[in-house]
Amino acid sequence: MAGGTEHLTVQRSGATLVITLNRPEARNALSLPMLVGLYDGWLEADEDDSIRSIVLTGAGGAFCAGMDLKALAGNGMDGQGYRDRLKADPDLHWKAMLRHHRPRKPVIAAVEGHCVAGGTEILQGTDIRIAGEAATFGLFEVRRGLFPIGGSTVRLPRQIPRTHALEMLLTGRPYTAAEAMRIGLIGHVVRDGAALEMALETAELVNANGPLAVEAVKASVYENAELAEAEGLKRELERGWPVFDTADAKEGSRAFADKRPPVYRRA
């Protein structure tokens, strides 16, 4: 992808695809060009085997302030080409927001500033989450008489304790980064401005591992999350045993014995 869209940039950092929401004047509220660019970024990562991980972040000290309803209603800023994409795939916006699409590669969120409403909903579709200490989270929809239809009533109670999920959903109040980490919504809090740096460092740790193993582990975690333990364990073997037969698995063992970094080839 050559740079994304007018409201989003896509760049490579080694084996990591860095997707940056880029409407800082609107706290990176979601526009149609941004949604199209997000979906295209997920597809690029899925289709390019040289990409091992994805980092999602926002420009200008904010992650995402949710949906820009004025922009989506149409005020000339979105362009007919983007609207044609949405007509061709009416599910595109849900795929962009990770509601109806799960990338094969790990997605690491680097959050600064506002991550609220649709921003918190996209966050729930990511795998590893890092935030600056001044970041703000929350699902504000009920305060406006709306419903958090991006998947939060389903995913949030599966990711954090139900009582915390219901409090976030029903009060519509903001949460600090410290609170978000305490309830398990995010994994790390760092100094302001350092979330992207840590996300890229984490991505490098992921990238150094066997890509077939990483993708199989991610797939197994998600597909087994709601299964009974016995069925989940059965499915885990179905996902896991084939990894042991790969050339990458043999390379990992040889590299360990040789005391050298492994060279994985997705084979």
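Residues numbered from 1 in each chain as written. Predicted model: local features only at pLDDT ≥ 70, side-chain atom pairs only at ≥ 80, totals over all residues. Heavy atoms only, no water.

**Describing the sheet that holds strand β5 (residues 114–116)**
Part 1 of the argument: A sheet is described by the order of its strands in space; here 3 strands give the open sequence β5-β7-β8, paired in mixed fashion. In the strand order of this sheet, the two ends are held by β5 and β8 (175–176), each with one partner.
Part 2 of the argument: Alignment of β5 against strand β7 (residues 136–138), held across 3 bridges, turns out to be parallel. Within β7, the residue paired with H114 across the bridge is T136. (Pairing = 2+ DSSP bridges. Helix = DSSP H or I, 4+ residues; strand = E, 2+ residues; numbered from the N terminus.)

**Describing the packing of aromatic side chains**
Part 1 of the argument: Applying the stated criterion across every chain, the model contains 1 aromatic pair.
Part 2 of the argument: Here the aromatic rings of W241 and F244 are separated by 5.4 Å at their centres, their planes lie at 55°, and the arrangement is tilted. You can see W241 and its partner F244 sitting in helix α11 (residues 229–244), 3 residues apart, about one turn around the helix.
Part 3 of the argument: For F244, a relative accessible area of 58% corresponds to the exposed category.
Part 4 of the argument: Above the face of the W94 ring, R99 is positioned so that its terminal group lies 5.0 Å from the ring centre.
Part 5 of the argument: The ring of Y175 carries the charged tip of R173 above its face, separated from the ring centre by 3.9 Å. (Phe/Tyr/Trp six-rings, centres within 6.5 Å; stacked < 30°, edge-to-face > 60°. Buried < 20%, exposed > 50% of the residue type's maximum accessible area, 1.4 Å probe, protein only. Lys NZ or Arg CZ within 6 Å of the ring centre and 35° of its normal.)

**Some remarks on the pattern of salt bridges**
Two side chains with opposite charge may pair up if their charged atoms get near one another.
Part 1 of the argument: Summed over the entire model, instances satisfying the criterion amount to 19 salt bridges.
Part 2 of the argument: One salt bridge connects E167 with R173, and the closest N-O pair in it is separated by 3.1 Å.
Part 3 of the argument: Judged by relative accessible area, which is 30%, E167 ranks as partly exposed.
Part 4 of the argument: Accessibility expressed as a relative area gives 25% for R173, which makes it partly exposed.
Part 5 of the argument: Of the charged contacts in the structure, one is a salt bridge between E223 and R239, with a shortest N-O distance of 3.0 Å. In this pair, E223 is assigned in helix α10 (residues 211–223) and R239 in helix α11, connecting sequence segments 16 residues apart.
Part 6 of the argument: Looking at E223, the relative accessible area reads 31%, which means it is partly exposed.
Part 7 of the argument: Judged by its relative accessible area of 35%, R239 is partly exposed.
Part 8 of the argument: Three or more residues joined by partner-sharing salt bridges are found here, namely D49, R104, E215 and R266. (Salt bridge = Lys/Arg side-chain N within 4 Å of Asp/Glu carboxyl O.)

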